[in-house]
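# Fold and geometry: a report
Residue strings, one per chain:
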Amino acid sequence: MEDKELTPEESLSLINNMIGRARKRYTDNSFYFLLWGWIVTVASLAHYILGMYTSFEHPYIGWTLTIAGAVISAIRGSKQRDKAVVHNYTDKMYGWLWMCLGIAMFTIIFNGQLINWNTVPFVLLFAGVGTAVSGAMMGFKPLQFGAIAFWVLAIVAFRLPEIYQMLLMALGVIVGYLLPGYIMKANAKKHGI
Amino acid sequence: MAFKALDPLLHSQLRLAVMSLLISVESADFVYIKEQTGATAGNLSVQIDKLSNAEYITVTKGYEGKKPKTTCKVTSKGVDAFEAYVKTLQQYIKP
């Protein structure tokens, strides 16, 4: 690109072109959906099986995996930020959205005893907010369908005992995180990212 | 009605391209701007200095590992100048 004088029409077309370039970058966030999808699936199914079919005192043991998940997510997020050649507002909002939801989910689980450990319906509702907004920001429908699944399952979960809620939790993340995550990953490959 | 003069700092191809790119993102690397504008490093460096001297953008120099990394970000003065430029441009284009 030279540094030449422009006509007003050329200026306008240049502005449109450059703004369009900055917007077109496709972000692959599948890693986080797959990481959290698998962690929650394993933890909730383990919780159900241990609670239902064994006399093990701590059936919730699998949820300790979420600590590893939080550490891995934080490290990867910070590395990605340092490495990125461009910082979009969308990526920033996306990071804030999930950090806020993470704090909200943690607060509910941390205070779970006060609501007889009926935490799953609330976590499902929050996960639905996350996938609905992320899907809208990325223009990615599977995440938005996932949100509907989360909310329907939340309505059911409010009406079931805590141990059965674990099955709904697993089903929710399979439909809301894992399925969209794998589609997103395949799309990213297709786009050569 | 007399037409307002277009801001000479923005009314140049490369500087306008840099500003248009930065206005739509939070911040961008020198390498990214170079890639998107197709400019030579030397020319881009000169134009970025001009925008930075006018306080339209801020330039932060740092390191990513051992590699130097220059990050550019538009300032509120830059946003105002860009908006004024677009408004003036509309005067010229409107029938």
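Just so it is clear, the structure is predicted and the values come from calculations on it, not from any experiment.

### Describing the overall build of chain A
In terms of helices and strands, chain A carries seven helices and one strand. Overall, chain A shows an N-to-C arrangement of helices and strands of α-α-α-β-α-α-α-α. Out of the 193 residues belonging to chain A, those deemed buried represent 37%. Sequence separation of 24 or more characterises 70% of the internal contacts of chain A that already satisfy a separation of 6 or more. About 11,200 Å² of surface is accessible on chain A, with carbon and sulfur atoms providing 68% of the total.

### Section: the side chain of A:Ser134
All names here are of chain A. Looking at where Ser134 falls in the secondary structure, it is placed in helix α5 (residues 120-138). Engagement of the side chain of Ser134 in a polar contact is seen with the side chain of Trp98, the distance being 2.9 Å. Not counting residues within four places of it along the chain, the set of residues in contact with Ser134 comprises Phe33, Tyr94, Leu97, Trp98 and Leu143.

### Digging into the confidence of the model for chain A
On average, residues of chain A carry a pLDDT of 91, and 94% of them reach 70 or more. When mean pLDDT is compared element by element in chain A, helix α6 (residues 141-157) of chain A scores highest at 97, while helix α1 (residues 8-23) of chain A scores lowest at 85.

The rules we used
Residue positions are counted from 1 within each chain, in the order its sequence is given. Written order decides the labels, with chains lettered from A and ligands numbered from 1. The predicted origin of the model limits local features to residues at a pLDDT of at least 70 and limits the giving and counting of side-chain atom pairs to 80 or more, whereas totals for whole chains, interfaces and linings rest on all residues. Hydrogen atoms and water are omitted, and side-chain values are computed over all heavy atoms in the structure. Labels follow the DSSP assignment, with helices taken as runs of H or I lasting at least four residues and strands as runs of E lasting at least two, numbered in each case from the N terminus. Residue exposure (1.4 Å probe, protein chains only): buried if accessible area is under 20% of the type maximum, exposed if over 50%, otherwise partly exposed. Should any heavy atoms of two residues lie within 4.5 Å, those residues are counted as being in contact. Residue exposure ignores everything except the shown protein chains as possible cover, and the areas themselves are Shrake-Rupley values with a 1.4 Å probe. A 3.5 Å cut-off defines polar contacts: any pair of N or O atoms within that distance qualifies, except that in protein one atom must be a possible hydrogen donor and the other a possible acceptor, and neighbouring residues in sequence count only when both atoms are side-chain atoms. The pLDDT score gives, residue by residue, the confidence of the prediction method on a 0 to 100 scale.

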